[in-house]
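The primary structure of each chain is shown beneath.
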Amino acid sequence: MDSIPANRRLWNRISGAYQRRHDPQIGASPRLWGMYSIPDAELGALGDVTGKRVLELGCGAGQWSRSLAAEGATVVGMDLSEAQLAAAAGAMGADRYALVQGAAEQLPFADHAFDLVFCDFGGLSWAPARLAVPQTARVLAPGGRLVFNVAAPWFETCYDEAAERVTTTLQKPYFGLDAIAEDEGATSYQLTYGDWVRVLRGAGLVIDDLIEPRPDAATLNGYNPTDPPDWAHHWPAEMLWVTHKP
Ligand SMILES: C[S@@+](CC[C@H](N)C(=O)[O-])C[C@H]1O[C@@H](n2cnc3c(N)ncnc32)[C@H](O)[C@@H]1O
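The shown structure was predicted, so the numbers you read here are calculated from the model rather than taken from an experiment. (Residues numbered from 1 in each chain as written. Predicted model: local features only at pLDDT ≥ 70, side-chain atom pairs only at ≥ 80, totals over all residues. Heavy atoms only, no water.)

Caption draft 1: Geometry of the packing of helix α6 (residues 129-139) against helix α8 (residues 193-202). Two elements in contact, α6 and α8, have axes separated by 9 Å at closest approach and are oriented at 35°. Where α6 crosses over α8, the two elements pack in a sense that is right-handed. Here α6 contributes A129, R130 and V133 to the contact with α8, which in turn contributes D195, W196, V199 and L200. (Axes fitted to C-alpha atoms, helices over the stretch in contact; angles between N-to-C directions. Helix = DSSP H or I, 4+ residues; strand = E, 2+ residues; numbered from the N terminus. Left-handed = near helix turned anticlockwise from the far one by under 90°. Contact = heavy atoms within 4.5 Å.)

Put into C-alpha cells, the structure is as follows:
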C-alpha cells in the first residue's frame, strides 16, 4: 500500500494536463479501450450492462462510467485522486452515477456489491495486483465479472527509457517486471503472464478470455511514441483480461 500517497499526489498534479491532452481521445465515443481507442464493439469484452451494478476501478474523468450509466447501469466511479474525481464530476452527463474516492488496494465497498468490476489502465495498472485483485473478487457477486485492460509485458520490456519510445528490441528483463517507477515517486505495476494467471486464479476467479487488442496499421498510439509507428499492429501492446467469479 506504500504507493497510495505518491500515486494520489501524482494524479492530482497531472490531472488537468492529462485531461486536456487525452480526454478528446478517451471520450471521443462510448466504450473505447486503451491506448489505441479500439471499440468494445470489436472486442466484445464488456457485454450488456443494462441494470447491472458496475464499479469502475480508477475511473479518471469518468469517460467509461458516463457511457455505461447512459446505457442503464448503476455505476460507481472510484478513483484515488480527488482532481480526477472533480474532472469526472464536471463531465457528468444527464445519467448520474456515484463518485467515490478510494484505492484499489482497499476497496470501500461491501462484499458482493457489484455485478461487474472493470478498468482501462486504471486501478489494476496503479495498484499491486496481489492486493487489488482479491479485493475485486470480494466485492463481486457470484457470477459477476472482472474485466480489465493493462499494458502487455511486450510493451514494457521494449520501452526505451532514454529514447522515450517503444522499440523492437528488448530493453529490460521480462522477469522482475513488477513495480515500475513513475514520475515524482509514483509507481505503476505490471506482472508476467504467468503471475497474472496465478493472481487471478488465486483470488478464485475463472479466466474466460485474454483479448490482445490489435489496432490496424494506421492507428497510432495516443500516449507513447513507438518505433515503428505501427508497432502494436505487429506485437501486443495491451492485454484485456475477461474473468468471472463462479
Ligand atoms: C490512466 S488513468 C485511467 C482512467 C481512464 N481509463 C483513462 O484512461 O484516463 C489512471 C487512473 O488511476 C487512478 N489511480 C491511481 N492509483 C490508483 C489506486 N491505487 N486505486 C484506484 N485508482 C488509482 C488515477 O488517479 C487515474 O485517474
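Caption draft 2: Fine view of the environment of S37. Structurally, the position occupied by S37 is in the loop between β1 (32-33) and β2 (38-39). Looking at S37, its side chain comes within polar contact range of the side chain of Q25, at 2.9 Å. (Polar contact = N/O pair within 3.5 Å; in protein donor to acceptor, adjacent residues only side chain to side chain.)

Caption draft 3: Main features of the packing of aromatic side chains. Under the counting rule described, the total for this entry stands at 11 aromatic pairs. Ring plane angle 85° and centroid distance 5.8 Å describe the contact between F155 and W231, whose orientation is recorded as edge-to-face. On the criterion of sequence distance, the pair formed by F155 in helix α7 (residues 153-157) and W231 in helix α9 (residues 231-234) is long-range, its members being 76 residues apart. As far as the burial class goes, F155 and W231 line up, both buried. One aromatic cluster is present, built from ring pairs that chain together W11, Y18, W126 and Y223. (Phe/Tyr/Trp six-rings, centres within 6.5 Å; stacked < 30°, edge-to-face > 60°. Buried < 20%, exposed > 50% of the residue type's maximum accessible area, 1.4 Å probe, protein only.)

Caption draft 4: Representation of the nonpolar core in the model. Ranked by size, the top nonpolar core spans 30 residues in total, and within it W33, L46, V54, L68, F118 and V147 carry the most contacts. Of all the elements in the fold, those that place two or more residues in this core are α3 (63-70), β6 (114-120), α9 and β13 (238-244). Excluding its chain neighbours within four sequence positions, the residues that come into contact with V147 are W33, A45, L46, L116, V117, F118, C119, L240, W241 and V242. Counting residues in each nonpolar core, the second largest holds 28 residues, with F109, V133, A137 and L191 among its members. (Core = buried A, V, L, I, M, F, W, Y, C linked by side-chain atoms within 4.5 Å.)

Caption draft 5: Just the pattern of salt bridges, in detail. Scanning all chains against the criterion turns up 10 salt bridges. Of the charged contacts, one joins D40 and R31 as a salt bridge, the two residues approaching to 2.8 Å between their closest N and O atoms. D40 sits in the buried class, given a relative accessible area of 4%. With a closest N to O distance of 3.7 Å, R130 and D178 form a salt bridge. In this pair, R130 is assigned in helix α6 and D178 in the loop between β9 (165-166) and β10 (179-181), connecting sequence segments 48 residues apart. Sharing partners across several salt bridges, the network here consists of R130, D178, D195 and R198. (Salt bridge = Lys/Arg side-chain N within 4 Å of Asp/Glu carboxyl O.)

Caption draft 6: Structural view of the packing of helix α1 (residues 3-26) against helix α4 (residues 82-90). α4 packs onto α1 with a crossing angle of 35° between their chain directions and a minimal axis gap of 7 Å. Of the residues in α4, those touching α1 at R8, W11, N12, S15, Y18 and Q19 are E82, A83, Q84 and A87. Taken together, the residues that form the contact of α1 with α4 break down as four nonpolar, four polar and two charged. (Nonpolar A, V, L, I, M, F, W, Y, C, P; charged D, E, K, R; others polar.)

Caption draft 7: Highlighting the sheet that holds strand β3 (residues 53-57). The seven strands are arranged β5-β4-β3-β6-β7-β13-β12 in an open sheet whose pairing can be described as mixed. With one partner strand each, in any of the chains shown, β5 (98-101) and β12 (206-211) form the two edges of the open sheet. Mean inter-strand twist for the sheet, computed between neighbouring axes without regard to direction, equals 15°. Note: β12 against β13, five bridges, orientation antiparallel. Each residue of the ladder has a partner; that of L210, found in β13, is W241. Docked against the sheet, α8 engages β7 (140-151), β12 and β13, running at close to 20° with respect to β13. (Pairing = 2+ DSSP bridges.)

Caption draft 8: Examining the site of the ligand more closely. Taken together, 20 residues form the shell around the ligand, and within it Y18, D79, Q84, A104 and D120 come nearest. In this structure, A104 approaches the ligand through a main-chain N or O atom, which is 2.9 Å from a nitrogen atom. In the complex, 97% of the free accessible area of the ligand, which totals 580 Å², lies under the protein chains. Per element, the largest residue contribution to the shell around the ligand is three residues, and it comes from α1. (Near = heavy atom within 4 Å. Areas by Shrake-Rupley, 256 points an atom, 1.4 Å probe, with all protein chains shown as cover.)

Caption draft 9: Spatial organisation of the pairing of strand β4 (residues 74-79). When you tally the buried positions in β4, you get five out of six residues, the bulk of the element. Here β3 runs beside β4; their pairing, made up of five bridges, is parallel. Following the sheet pairing, R53 is matched in β4 by T74. With respect to chirality, the unit in which β3 leads through α3 into the neighbouring parallel β4 is right-handed. Bridging between β4 and β5 involves four bridges; their strand directions are parallel. When the bridges of β5 are listed, G77 appears paired with L99. (Right-handed = clockwise from strand over helix to strand, strands pointing away.)

Function cannot be read off these values alone, since they describe shape.
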